[in-house]
Amino acid sequence: MTAPMRSPGSSTGSSTSTGGERTAGFGLSSEARNLHWLLTNLVEDVPGLLSVAVVSSDGLLLLSSDPARNNEQAVDNSSGPKGSSADLATIVSGVGSLCIGASKLMDSGPVKQTVVAMEEGSLFVMSISDGSLLGVHATPDCDMTVVAYHMALFVGRAGHVLTPELRSELRQSMESVR
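Just so it is clear, the model here is predicted, and its values are computed rather than measured. (Residues numbered from 1 in each chain as written. Predicted model: local features only at pLDDT ≥ 70, side-chain atom pairs only at ≥ 80, totals over all residues. Heavy atoms only, no water.)

### Quick notes on the overall build of the protein
Here is the rule: Each helix corresponds to a stretch of at least 4 residues labelled H or I by DSSP, and each strand to a stretch of at least 2 residues labelled E; elements are numbered beginning at the N terminus. Buried means the residue's accessible area, taken with a 1.4 Å probe over protein chains only, is under 20% of the maximum for its type, while exposed means over 50%, and partly exposed covers the values in between. The contact criterion used is simple: two residues touch if any of their non-hydrogen atoms lie within 4.5 Å. Method for areas: the Shrake-Rupley scheme with a 1.4 Å probe, in which residue coverage is limited to the protein chains shown.
For the protein, the count of helices and strands is five helices and five strands. Mapped from its N terminus to its C terminus, the protein presents α and β elements in the order α-β-β-α-α-β-β-β-α-α. Of all 178 residues assigned to the protein, the portion counted as buried reaches 41%. In the protein, once contacts between residues fewer than 6 apart in sequence are set aside, the share between residues at least 24 apart is 58%. Accessible surface, the protein as shown: approximately 9,600 Å² in total, 55% of it carbon and sulfur.

Here you go:
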């Protein structure tokens, strides 16, 4: 059961549109803004999340919980903290690739979710669509079932809109803030 989606422009007063038209605010299409909105809600609604990243099948960061990246401001990654969304994207891509390889070797079908529980935190990786992945780094005391549930909601809402065109737009927006 999914909750109804609020309009991402409702709280900011920005105009929104349909059909991939550019909108005020981020300079992104309404679909891209909706994904940013979904990611923001995930981060705000789930206690214990440290960093969230959406990664394309080729390992490129598409969406990030890093506010500077999502607001299209310049980011200096040279001294970024461990656990930043760029680091998380790299880890998610590697873990995702390793699990896909393991699944093929074991002839077990597509990987749906991976959880790595560590002493000082947890890593969650969930397939979205077309090889894209949602990765979450959370605190050690997070409620894993709540995190997994909200990740599944995000995947269910984002999976059908994450088209090749939208992935390309998101990639370009991330490259423009490097």
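### So, the pairing of strand β2 (residues 61-64)
The condition that has to hold: Pairing between strands is defined by DSSP: at least two bridges between them are needed.
As judged from the three bridges shared by strand β1 (residues 49-55) and β2, these two strands associate in the antiparallel manner. When the sheet's bridge partners are listed, Val55 is paired in β2 with Leu61. What sits between the antiparallel neighbours β1 and β2 is a turn of five residues, in which Gly59 has the positive phi angle 85°.

Read these as layout, nothing more, since geometry by itself doesn't imply function.
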